[in-house]
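Spelled out from the first residue to the last, the chains are:
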Amino acid sequence: MTPSRTSGQRGVLALFPELTDVNGDAQNALVLARRAVWAGHLDIRVERLAAGEAPTSTPVAVVLGSTTDPVLPALLAALREVQDDLEGWIDDGVPVLAVGTGLEALTRAIVLAEGRLDGLGLVPAIAEPLPSRAAGDLVVRATEGDLVGYENHSRGLVLEAGVPPLGVVRRGVGDGRGSDGVRHGSIIGTRMHGPVLAKNPALADAMLAAALGGPVSVRGETAAAADAAAARIRTALLASA
(Lines give C-alpha, C1' and ligand atoms only; values in the text may rest on other atoms or scores of the structure.)
Protein backbone atom coordinates (compact mmCIF):
# COMPACT_ATOMS: atom_id res chain seq x y z
CA MET A 1 0.00 0.00 0.00
CA THR A 2 1.35 3.43 -0.90
CA PRO A 3 1.51 5.87 2.03
CA SER A 4 -1.40 8.31 1.87
CA ARG A 5 -0.14 11.88 2.14
CA THR A 6 -2.15 15.00 1.42
CA SER A 7 -1.70 18.64 2.36
CA GLY A 8 -4.84 18.66 4.55
CA GLN A 9 -3.37 17.63 7.88
CA ARG A 10 -6.42 18.19 10.04
CA GLY A 11 -7.19 14.91 11.76
CA VAL A 12 -6.11 13.18 14.94
CA LEU A 13 -6.42 9.56 13.84
CA ALA A 14 -7.77 6.89 16.19
CA LEU A 15 -6.64 3.55 14.76
CA PHE A 16 -9.25 0.78 14.93
CA PRO A 17 -11.16 2.11 17.98
CA GLU A 18 -13.61 -0.78 17.68
CA LEU A 19 -10.68 -3.04 18.66
CA THR A 20 -8.57 -0.78 20.89
CA ASP A 21 -10.84 1.03 23.33
CA VAL A 22 -11.17 -1.56 26.09
CA ASN A 23 -9.63 0.86 28.62
CA GLY A 24 -10.84 4.04 26.97
CA ASP A 25 -7.43 4.44 25.34
CA ALA A 26 -8.81 5.36 21.90
CA GLN A 27 -10.27 8.45 23.60
CA ASN A 28 -6.76 9.89 23.77
CA ALA A 29 -7.49 11.04 20.21
CA LEU A 30 -10.42 13.07 21.49
CA VAL A 31 -8.20 14.61 24.19
CA LEU A 32 -5.68 15.75 21.58
CA ALA A 33 -8.36 17.15 19.26
CA ARG A 34 -10.15 19.02 22.04
CA ARG A 35 -6.93 20.53 23.38
CA ALA A 36 -5.96 21.60 19.87
CA VAL A 37 -9.28 23.40 19.51
CA TRP A 38 -8.89 24.99 22.95
CA ALA A 39 -5.50 26.25 21.76
CA GLY A 40 -7.09 27.91 18.74
CA HIS A 41 -6.63 25.22 16.09
CA LEU A 42 -10.31 25.07 15.24
CA ASP A 43 -9.88 22.81 12.20
CA ILE A 44 -8.57 19.82 14.17
CA ARG A 45 -10.99 16.92 14.58
CA VAL A 46 -10.96 13.23 15.47
CA GLU A 47 -10.86 10.79 12.58
CA ARG A 48 -11.54 7.10 13.18
CA LEU A 49 -10.14 4.36 10.97
CA ALA A 50 -11.88 0.99 11.21
CA ALA A 51 -10.15 -2.29 10.47
CA GLY A 52 -10.10 -2.89 6.73
CA GLU A 53 -10.43 0.79 5.82
CA ALA A 54 -7.68 2.72 4.04
CA PRO A 55 -6.42 6.11 5.23
CA THR A 56 -7.34 9.01 2.95
CA SER A 57 -5.04 11.69 4.38
CA THR A 58 -2.03 12.24 6.60
CA PRO A 59 -3.07 12.83 10.23
CA VAL A 60 -1.49 15.37 12.55
CA ALA A 61 -1.21 12.65 15.21
CA VAL A 62 -2.09 8.97 15.63
CA VAL A 63 -3.51 7.13 18.63
CA LEU A 64 -3.33 3.34 18.95
CA GLY A 65 -5.10 2.07 22.04
CA SER A 66 -5.05 -1.25 23.86
CA THR A 67 -6.97 -4.46 23.28
CA THR A 68 -7.36 -7.91 24.82
CA ASP A 69 -5.11 -10.88 24.04
CA PRO A 70 -7.80 -12.79 22.08
CA VAL A 71 -8.16 -9.76 19.78
CA LEU A 72 -4.40 -9.28 19.24
CA PRO A 73 -4.27 -11.33 16.00
CA ALA A 74 -7.07 -9.24 14.50
CA LEU A 75 -5.34 -6.02 15.58
CA LEU A 76 -2.04 -7.15 14.06
CA ALA A 77 -3.77 -8.06 10.80
CA ALA A 78 -5.45 -4.65 10.63
CA LEU A 79 -2.17 -2.89 11.37
CA ARG A 80 -0.33 -4.75 8.64
CA GLU A 81 -2.84 -3.46 6.11
CA VAL A 82 -1.83 0.12 6.95
CA GLN A 83 1.81 -0.53 7.86
CA ASP A 84 3.17 1.39 4.87
CA ASP A 85 1.05 4.40 5.79
CA LEU A 86 2.08 4.18 9.43
CA GLU A 87 5.77 3.90 8.59
CA GLY A 88 5.46 6.87 6.25
CA TRP A 89 3.82 9.00 8.92
CA ILE A 90 6.49 8.07 11.46
CA ASP A 91 9.22 8.91 8.94
CA ASP A 92 7.54 12.31 8.49
CA GLY A 93 7.57 12.89 12.26
CA VAL A 94 3.85 12.47 12.91
CA PRO A 95 3.48 11.80 16.67
CA VAL A 96 2.12 8.35 17.51
CA LEU A 97 0.79 7.41 20.95
CA ALA A 98 0.61 3.65 21.53
CA VAL A 99 -0.85 2.23 24.75
CA GLY A 100 -0.73 -1.24 26.27
CA THR A 101 -1.19 -4.04 23.75
CA GLY A 102 -1.27 -1.42 21.00
CA LEU A 103 2.33 -0.65 21.92
CA GLU A 104 3.17 -4.37 22.03
CA ALA A 105 1.82 -4.74 18.48
CA LEU A 106 4.43 -2.25 17.25
CA THR A 107 7.34 -4.24 18.74
CA ARG A 108 9.25 -7.07 17.08
CA ALA A 109 7.33 -9.83 18.88
CA ILE A 110 4.81 -10.59 21.62
CA VAL A 111 5.44 -13.68 23.73
CA LEU A 112 2.21 -15.34 24.88
CA ALA A 113 1.67 -18.45 26.98
CA GLU A 114 0.50 -20.28 23.87
CA GLY A 115 3.24 -19.03 21.56
CA ARG A 116 4.79 -16.00 19.92
CA LEU A 117 3.19 -13.39 17.67
CA ASP A 118 5.25 -11.31 15.28
CA GLY A 119 4.74 -7.58 15.71
CA LEU A 120 5.23 -4.83 13.14
CA GLY A 121 8.85 -4.26 14.19
CA LEU A 122 8.50 -0.47 14.41
CA VAL A 123 9.69 -0.43 18.03
CA PRO A 124 12.99 -2.23 18.78
CA ALA A 125 11.71 -4.31 21.66
CA ILE A 126 9.99 -7.58 22.57
CA ALA A 127 6.98 -7.93 24.87
CA GLU A 128 7.66 -10.73 27.35
CA PRO A 129 5.58 -12.13 30.24
CA LEU A 130 5.97 -10.59 33.69
CA PRO A 131 6.28 -12.84 36.77
CA SER A 132 2.72 -11.82 37.70
CA ARG A 133 0.01 -9.55 36.40
CA ALA A 134 0.45 -5.83 37.09
CA ALA A 135 -2.71 -3.98 38.09
CA GLY A 136 -3.02 -0.68 39.93
CA ASP A 137 -1.85 2.90 39.87
CA LEU A 138 1.23 3.74 37.83
CA VAL A 139 3.39 6.85 38.32
CA VAL A 140 6.22 7.54 35.88
CA ARG A 141 8.82 10.30 36.00
CA ALA A 142 9.30 11.50 32.42
CA THR A 143 10.58 14.52 30.52
CA GLU A 144 7.11 16.06 30.81
CA GLY A 145 7.11 15.63 34.61
CA ASP A 146 5.48 12.97 36.75
CA LEU A 147 2.87 11.13 34.70
CA VAL A 148 0.01 9.17 36.26
CA GLY A 149 -2.39 6.48 35.12
CA TYR A 150 -3.33 2.92 35.90
CA GLU A 151 -1.91 -0.30 34.56
CA ASN A 152 -3.47 -3.70 33.94
CA HIS A 153 -1.23 -6.03 31.95
CA SER A 154 0.76 -9.25 32.08
CA ARG A 155 3.78 -8.41 29.89
CA GLY A 156 6.63 -5.94 29.89
CA LEU A 157 8.79 -4.51 27.13
CA VAL A 158 12.42 -5.60 26.83
CA LEU A 159 13.94 -2.66 24.97
CA GLU A 160 16.98 -3.13 22.79
CA ALA A 161 20.20 -1.44 23.89
CA GLY A 162 20.12 2.33 23.54
CA VAL A 163 16.34 2.62 23.16
CA PRO A 164 15.01 5.02 25.83
CA PRO A 165 11.87 4.33 27.84
CA LEU A 166 9.13 6.89 28.34
CA GLY A 167 10.29 7.33 31.92
CA VAL A 168 11.23 5.83 35.27
CA VAL A 169 8.61 4.12 37.43
CA ARG A 170 7.98 5.78 40.80
CA ARG A 171 4.97 3.66 41.70
CA GLY A 172 3.68 0.48 40.14
CA VAL A 173 5.32 -2.03 37.81
CA GLY A 174 5.43 -0.61 34.30
CA ASP A 175 7.56 -2.91 32.18
CA GLY A 176 8.98 -4.61 35.25
CA ARG A 177 12.52 -3.27 34.92
CA GLY A 178 12.12 0.07 36.62
CA SER A 179 10.82 1.87 33.56
CA ASP A 180 7.67 2.28 31.50
CA GLY A 181 7.12 2.46 27.78
CA VAL A 182 9.32 3.82 25.05
CA ARG A 183 10.35 6.88 23.08
CA HIS A 184 11.41 5.89 19.60
CA GLY A 185 11.35 8.35 16.75
CA SER A 186 7.92 9.96 16.86
CA ILE A 187 6.44 7.03 18.84
CA ILE A 188 5.52 7.43 22.50
CA GLY A 189 4.48 4.20 24.15
CA THR A 190 3.17 3.54 27.65
CA ARG A 191 1.27 1.13 29.88
CA MET A 192 -0.76 3.98 31.40
CA HIS A 193 -4.51 3.95 30.92
CA GLY A 194 -6.80 6.68 32.12
CA PRO A 195 -6.89 7.84 29.31
CA VAL A 196 -3.28 8.86 29.87
CA LEU A 197 -3.52 12.17 27.99
CA ALA A 198 -6.61 13.26 29.92
CA LYS A 199 -4.77 12.75 33.21
CA ASN A 200 -1.52 14.28 31.95
CA PRO A 201 -2.13 17.51 30.00
CA ALA A 202 1.62 18.22 29.79
CA LEU A 203 2.15 15.04 27.77
CA ALA A 204 -0.85 15.84 25.56
CA ASP A 205 0.44 19.35 24.89
CA ALA A 206 3.94 18.06 24.14
CA MET A 207 2.46 15.75 21.52
CA LEU A 208 0.40 18.59 20.08
CA ALA A 209 3.45 20.85 19.93
CA ALA A 210 5.23 18.19 17.88
CA ALA A 211 2.14 17.67 15.71
CA LEU A 212 1.41 21.33 15.04
CA GLY A 213 4.96 22.65 14.85
CA GLY A 214 5.02 24.90 17.91
CA PRO A 215 3.98 25.29 21.54
CA VAL A 216 0.29 25.13 22.39
CA SER A 217 -1.52 27.02 25.11
CA VAL A 218 -5.10 26.03 25.86
CA ARG A 219 -7.57 28.74 26.81
CA GLY A 220 -11.12 29.03 28.09
CA GLU A 221 -13.26 27.82 30.98
CA THR A 222 -13.67 24.29 29.62
CA ALA A 223 -9.92 23.85 29.25
CA ALA A 224 -9.34 25.23 32.75
CA ALA A 225 -11.92 22.82 34.20
CA ALA A 226 -10.34 19.85 32.42
CA ASP A 227 -6.87 20.79 33.66
CA ALA A 228 -8.16 21.31 37.21
CA ALA A 229 -9.76 17.85 37.20
CA ALA A 230 -6.51 16.31 35.96
CA ALA A 231 -4.56 18.21 38.63
CA ARG A 232 -6.78 16.80 41.40
CA ILE A 233 -6.24 13.24 40.20
CA ARG A 234 -2.51 13.77 39.81
CA THR A 235 -2.16 15.34 43.25
CA ALA A 236 -3.89 12.40 44.90
CA LEU A 237 -1.78 9.81 43.10
CA LEU A 238 1.52 11.66 43.51
CA ALA A 239 0.94 12.07 47.24
CA SER A 240 1.17 8.31 47.65
CA ALA A 241 3.94 7.70 45.11
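Please refer to the structure higher up on the page.
Computed from a predicted model, the values in this text were never measured in an experiment.

Engineer: How would you explain the nonpolar core if you had to name every residue and give the values?
Structural biologist: By size, the foremost hydrophobic cluster in this structure holds 34 residues, and its most contacted members are Val12, Leu32, Leu97, Met192 and Leu197. Secondary structure elements with two or more residues in this core: strand S1 (11–15), helix H1 (28–38), strand S3 (61–64), strand S4 (96–99), strand S7 (123–142), helix H5 (196–199) and helix H6 (201–212). No other element matches H1, which puts six residues into this core. In this structure, Leu75, Leu76, Leu103 and Val123 belong to the second largest nonpolar core, which totals 33 residues.

Engineer: Tell me about the packing of H1 against H6, and name the residues and values.
Structural biologist: Two elements in contact, H1 and H6, have axes whose closest approach is 10 Å; the angle formed by their N-to-C orientations is 70°. When the axes of H1 and H6 are compared, the pair comes out roughly perpendicular. Contact with H1, carried on its side by Val31, Leu32, Arg35 and Ala36, involves Pro201, Ala204, Asp205, Met207, Leu208 and Leu212 of H6 and no other residues of that element. Partitioning the contact of H1 with H6 into residue classes produces eight nonpolar, no polar and two charged.

Engineer: Residues and numbers for helix H3 (residues 83–91), please.
Structural biologist: All buried positions along H3 are accounted for by Gln83, Asp85, Leu86, Gly88, Trp89 and Ile90. Buried residues along H3 sit against S1, S3, helix H2 (72–81), S4 and strand S12 (187–190). Positive phi appears at glycine 93, one or two residues downstream of H3, with a value of about 85°.

Engineer: If you had to explain the sheet that holds strand S2 (residues 45–49) to someone new, which residues and values would you point to?
Structural biologist: Spatial strand order, S2-S1-S3-S4-S12-S11: six strands in an open sheet with mixed pairing. Edge positions in the open sheet fall to S2 and strand S11 (182–184), since each of these has one partner strand only. Strand after strand, the sheet turns through a mean of 20° between neighbouring axes, direction not considered. Pairing of S11 with S12, which is carried by three bridges, proceeds in the antiparallel orientation.

Engineer: Give me the side chain of threonine 190: which residues, what numbers.
Structural biologist: Counting through the fold element by element, threonine 190 comes out in strand S12. Of the residues examined, threonine 190 reaches a relative accessible area of 1% and is grouped as buried. For threonine 190, the side chain forms a polar contact with the main-chain nitrogen of methionine 192, separated by 3.0 Å. Residues contacting threonine 190, with those up to four places away along its chain left out, are Ala98, Val99, Gly100, Leu103, Leu166, Asp180, Gly181 and Val196.

Cut-off values and rules
- Residues numbered from 1 in each chain as written.
- Predicted model: local features only at pLDDT ≥ 70, side-chain atom pairs only at ≥ 80, totals over all residues.
- Heavy atoms only, no water.
- Core = buried A, V, L, I, M, F, W, Y, C linked by side-chain atoms within 4.5 Å.
- Buried < 20%, exposed > 50% of the residue type's maximum accessible area, 1.4 Å probe, protein only.
- Helix = DSSP H or I, 4+ residues; strand = E, 2+ residues; numbered from the N terminus.
- Axes fitted to C-alpha atoms, helices over the stretch in contact; angles between N-to-C directions.
- Parallel < 35°, antiparallel > 145°, perpendicular 65-115°, else oblique.
- Contact = heavy atoms within 4.5 Å.
- Nonpolar A, V, L, I, M, F, W, Y, C, P; charged D, E, K, R; others polar.
- Pairing = 2+ DSSP bridges.
- Polar contact = N/O pair within 3.5 Å; in protein donor to acceptor, adjacent residues only side chain to side chain.

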